[in-house]
Amino acid sequence: MDISLTELLLLGILAEKPQHGYHIEHLIEERGMRKWTEVGFSSIYYVLARLEKKGLAAGAHTAGKAQKRYSITDKGMAILKEETKNRIEKRRPSNMHFMTGLAGSWLLESSELIDAFKNRRNEIKKDLQALQKKITENENAPRSARELFSLSETLLKTEADWISAELRRIKK
């Protein structure tokens, strides 16, 4: 079955426990997922409806509320497990925007490239500080959230170190 990254992400959240769309938005924000996923608040309900249509999630109106509470179906759980394993095992390009920028970096003057790298490194430092705050605030988050925090922290630190090394190389 063809399943998008956004669908997979929402299924993973639903696998934790049934959720309203608004609470899913809160979890995405709380866990810092906005930094690495392109899930807009307005698209959450659209994607939930798509999951429901595919039989991967089920929505039910809760007593006295107009909102639907969504839960993952058995079919959805099977697809989620299969796709999760597949996404972890298979190496796919990550950080495509940055890599595409690097591929064209030869077009920039050294001073422009240095400025771009310094600006990116400053953004990384801000993101790292925000992430470390989220890590502290979410010590009891599910294992998957802690793994995402840990990997994100490692990648940010590594990228900042790489940029610093590139800056030294360019300045020589």
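Quantities reported herein were computed from a predicted structural model and do not represent experimental measurements. (Residues numbered from 1 in each chain as written. Predicted model: local features only at pLDDT ≥ 70, side-chain atom pairs only at ≥ 80, totals over all residues. Heavy atoms only, no water.)

Would you explain helix 2 (residues 21-30) in this entry?
Along an α-helix, residues three or four positions apart point the same way, because every turn accommodates 3.6 residues. What helix 2 keeps buried is the set Gly21, Ile24, Glu25, Leu27 and Ile28. Taken around the axis of helix 2, the buried residues stretch over an arc of 160°, which confines them to a single face. Where helix 2 is buried, its residues contact helix 1 (5-16), strand 1 (19-20), helix 3 (41-53) and strand 3 (68-72). Of the residues trailing helix 2, Gly32 is marked for its positive phi of about 70°. (Buried < 20%, exposed > 50% of the residue type's maximum accessible area, 1.4 Å probe, protein only. Helix = DSSP H or I, 4+ residues; strand = E, 2+ residues; numbered from the N terminus. Arc of directions from axis to C-beta. Contact = heavy atoms within 4.5 Å.)

What's the story with the pattern of salt bridges in this structure? I'm lost.
It is possible for side chains bearing opposite charge to pair when their charged atoms get close. As enumerated under the stated definition, the model contains 14 salt bridges in all. The closest approach of N and O atoms between Lys133 and Glu137, which form a salt bridge, is 3.7 Å. In this pair, Lys133 and Glu137 both sit in helix 6 (residues 110-137), 4 residues apart, roughly one turn of the helix. By relative accessible area, which is 53% here, Lys133 ends up exposed. Take Glu137: its relative accessible area is 53%, and that puts it in the exposed class. With its nearest N and O atoms 3.1 Å apart, the salt bridge here joins Glu147 to Arg143. (Salt bridge = Lys/Arg side-chain N within 4 Å of Asp/Glu carboxyl O.)

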